[in-house]
Amino acid sequence: MKLSVIVPLFNEVENLARLYTETTLALEPFDGGYELILVDDGSLDGSGEKLAEIAAGDQRVKVIRLRRNFGQTAAMSAGFDTASGDIILPMDGDLQNDPGDIQSLVAKIDEGFDIVSGYREKRQDKFLTRRLPSKLANWLISRMTGVPLRDYGCTLKAYRKEVLQKVSLYGELHRFVPALASQVGARVTEIPVNHRARQAGSSKYGLDRTLRVVLDLLTVKFLLKYSTRPMQLFGKWGMTTFLAGVLSGLATLYMKLQGLPMNRNPLLVLTAFLLFAGAQFFALGLLGELVTRTYHEVQKKPIYNILETINL
């Protein structure tokens, strides 16, 4: 099987020579051949010129240069779309991922898994600003998606190409690919990988990334559970809110019969609000159903995924 290694990078000119050397050395043993796809996400430090120099000396190296900095998900998606390998393996361009782990990831794919996720067993990052927020995020993602992984943030993963073709990436969703792929029945596992301290350049991540992860997690949760049945989400809230409005209205009417004027009863306002909110939830559910059907029918995208057929 041919292997495609994809490296999204931004302002990593100091690491590129060593990255190329270590990665190609790790890829030499693969009998099926390989390609190394380096995606320059709008670098401003001369990375583009260095990448052109590397590609000129090795036809197995492909370079994609984006017009500006679109973000890691967009850069990774560009690599995925270009890749021709049967196995696709993304990794970071800062050399904190060890190319020596590629062989272990591919060997696990050969055992029959569709996705093999690396987890950084001995992570070489600061505890308060990187490791602690990451631990909390991984716990939250695992609980909400039902796909328990110890390190969603580790870029070093291996995918079968046919699995990635079922997943569309937007926003910052690249770290959620294992969870999204589980929606179509992908077999996911994880193995420990080496993690090294950054030797050159500067980190592109900060605490603000944690907020983006949480917001994207809400999107992933909706896609995993309600993407084909939005009315079951909004209808549930609509029914609950509408019922609460009816009960509040009955209470208001009862108090009116007891002599309390309606215009002096705050429950009247609450009743109107709850009934209106319930109607809004139902309307959102119906609109969601229309959008879902349009999405699947226009793209002719099935709501199922077949593993294999026999004598068909």
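See above for the structure.
Throughout, a residue's number is its position along its own chain's written sequence, starting from 1. Note on the predicted model: pLDDT of at least 70 is required for a residue's local features to be given, and 80 or more for side-chain atom pairs to be given and counted; whole-chain, interface and lining totals, by contrast, use all residues. To obtain the side-chain values, all non-hydrogen atoms of the structure were included, while hydrogens and water were left out.

Visitor: An account of the overall build of the protein chain is requested, with residue identities and associated values reported.
Guide: Helical segments are the DSSP runs of H or I of at least four residues, strand segments are the runs of E of at least two, and each set is numbered from the N terminus. A count of helices and strands for the protein chain gives ten helices and seven strands. In terms of principal-axis extent, the alpha carbons of the protein chain reach across some 90 × 55 × 35 Å. A simple rule labels every residue: compare its accessible area, found with a 1.4 Å probe on the protein chains alone, to the largest value its type can have, and call it buried under 20%, exposed over 50%, or partly exposed in between. Looking at the protein chain as a whole, 44% of its 312 residues qualify as buried. Restricting to contacts in the protein chain with at least 6 residues of sequence separation, those with at least 24 account for 79%. Throughout, the Shrake-Rupley method with a 1.4 Å probe supplies accessible areas, and for residues the shown protein chains are the sole cover considered. A total accessible area of about 17,100 Å² is found for the protein chain, and carbon and sulfur atoms account for 59% of it. Between the centroid of the 38 positive side chains of the protein chain and the centroid of its 32 negative side chains there is a distance of 10 Å. Throughout, a contact is declared for two residues whenever any of their heavy atoms are within 4.5 Å. Residues counted as positive are Lys and Arg, residues counted as negative are Asp and Glu, and His and the chain ends are not counted. In plain terms, the charge of a residue is placed at NZ if it is Lys, CZ if Arg, CG if Asp and CD if Glu.

Visitor: I'd like to hear about the packing of helix H1 (residues 16-27) against helix H2 (residues 47-56), residue by residue, with values.
Guide: Whenever a helix is involved, its axis is fitted only over the stretch in contact; in every case the axis is a line through C-alpha atoms, and angles between N-to-C directions fall within 0 to 180 degrees. With their axes 10 Å apart at the nearest point, H1 and H2 run at an angle of 35° to one another. Handedness of the crossing formed by H1 with H2: right-handed. Contacts between H1 and H2 pair Leu 16, Ala 17 and Tyr 20 from the former with Ser 47, Lys 50, Leu 51 and Ile 54 from the latter. By definition, any crossing whose near helix is turned counterclockwise from its far helix by less than a right angle is left-handed, and any crossing with a clockwise turn is right-handed.

Visitor: Break down the nonpolar core for me, with residues and values.
Guide: Counting 32 residues, the largest nonpolar core has Ile 6, Val 39, Phe 80 and Phe 176 as its most contacted members. Excluding residues within four positions of it along the chain, Ile 6 makes contact with Ile 37, Val 39, Met 76, Gly 79, Phe 80, Ala 83, Ile 88, Leu 89, Pro 90 and Met 91. Counting 28 residues, the second largest nonpolar core, distinct from the first, contains Leu 19, Tyr 34, Leu 95 and Leu 105. Here, nonpolar core refers to any group of buried Ala, Val, Leu, Ile, Met, Phe, Trp, Tyr and Cys residues whose side-chain atoms link them within 4.5 Å.

Visitor: Can you explain helix H4 (residues 102-110)? Please cite residues and give values.
Guide: Buried within H4 are the following residues: Ile 102, Leu 105, Val 106 and Ile 109. Summarising the axial view, the buried residues of H4 lie within an arc of 95°, below the 170-degree limit, and thus occupy one face. Facing away from the buried side of H4 by more than 90 degrees, the exposed set consists of Gln 103 and Asp 110. Here the buried face of H4 lies against strand S1 (3-9), H1, strand S4 (87-90), strand S5 (115-120), strand S6 (157-160) and strand S7 (188-193). In the stretch just after H4, Gly 112 is the one whose phi turns positive, near 120°. It is the directions from the helix axis to the C-beta atoms that the arc portrays.

Visitor: Could you give me a rundown of the packing of aromatic side chains, with the residues and numbers involved?
Guide: Only Phe, Tyr and Trp rings are paired, with Trp represented by its six-membered ring, and only when their centres lie within 6.5 Å; those with planes under 30 degrees apart are stacked, over 60 edge-to-face, the remainder tilted. For the structure on display, the rule yields one aromatic pair. Centroid distance Phe 80 to Tyr 159: 6.2 Å. Interplanar angle 75°. Geometry classified as edge-to-face. One end of the pair, Phe 80, is in helix H3 (residues 72-82); the other, Tyr 159, is in strand S6, and 79 residues separate them in sequence. Put simply, a charge is over a ring when the Lys NZ or the Arg CZ is close to the ring centre, within 6 Å, and near the line of the ring normal, within 35 degrees. The lysine or arginine in question, Arg 68, covers the ring of Phe 70, its NZ or CZ lying 4.0 Å from the ring centre. Over the ring of Tyr 119 we find Arg 150, and its NZ or CZ is 3.9 Å from the ring centre.

Visitor: Talk me through the pattern of salt bridges; I want residue IDs and the actual numbers.
Guide: Here, a salt bridge means any side-chain nitrogen of Lys or Arg that lies within 4 Å of a carboxyl oxygen of Asp or Glu. On inspection of all chains with the given rule, the structure shows 14 salt bridges. Here Glu 35 makes a salt bridge to Lys 2, at a shortest N to O gap of 3.9 Å. Note that Glu 35 is positioned in strand S2 (residues 34-40) and Lys 2 in the segment before S1, a separation of 33 residues in sequence. In this structure Lys 2 comes out as partly exposed when scored by relative accessible area, which is 28%. Across the pair Glu 28 and Arg 60 runs a salt bridge whose closest N-O atoms are separated by 3.3 Å. Of this pair, Glu 28 sits in the loop between H1 and S2 while Arg 60 sits in the loop between H2 and strand S3 (61-65), and the two are 32 residues apart along the sequence. Judged by its relative accessible area of 44%, Glu 28 is partly exposed. Here Arg 60 falls in the partly exposed class, since its relative accessible area comes to 34%. Taken together, the salt bridges that share partners define one network made up of Arg 18, Glu 22, Asp 98 and Arg 196.

Visitor: I'd like a description of the sheet that holds S3, backed by residues and values.
Guide: Strands are treated as partners if at least two bridges between them are detected by DSSP. Strands sit in the order S3-S2-S1-S4-S6-S5-S7 across an open sheet of seven strands; the sheet is mixed. Edge positions in the sheet fall to S3 and S7, since each has one partner strand and no second. Taking each pair of neighbouring strands and ignoring which way they run, the sheet shows an average axis angle of 20°. As paired elements, S4 and S6 share two bridges and run antiparallel to each other. Of the residues in S6, the one forming a bridge with Ile 88 is Tyr 159. Against the sheet, H2 makes contact with S1, S2 and S3, and its axis sits at roughly 155° relative to S3, the strand it touches most.

Visitor: Talk me through the environment of Ser 227; I want residue IDs and the actual numbers.
Guide: As for its position among the elements, Ser 227 is in the loop between helix H8 (208-226) and helix H9 (230-257). Apart from residues lying up to four places away in sequence, Ser 227 is in contact with Gln 183, Phe 222 and Thr 292.

Visitor: Report on the side chain of Thr 271, specifying residues and quantitative values.
Guide: Its location among the elements puts Thr 271 in helix H10 (residues 266-299). Among residues more than four places away in sequence, those in contact with Thr 271 are Gly 245, Ser 248, Gly 249 and Thr 252.

Visitor: Please set out the pairing of S3 residue by residue, giving values where relevant.
Guide: Direction of pairing for S2 relative to S3: parallel, over a ladder of five bridges. Among the inter-strand pairings, Ile 37 is bridged to a residue of S3, identified as Lys 62. Each parallel crossover has a hand, and the one from S2 via H2 to S3 is right-handed. Think of it like this: strands point away, you trace from the first strand over the helix to the second, and a clockwise trace means the crossover is right-handed.

Visitor: Now, about the side chain of Ser 117: what can you tell me, with residues and values included?
Guide: Assignment of secondary structure puts Ser 117 in strand S5. Residues contacting Ser 117, with those up to four places away along its chain left out, are Leu 149, Asp 151, Leu 156, Lys 157, Thr 189, Glu 190 and Ile 191.

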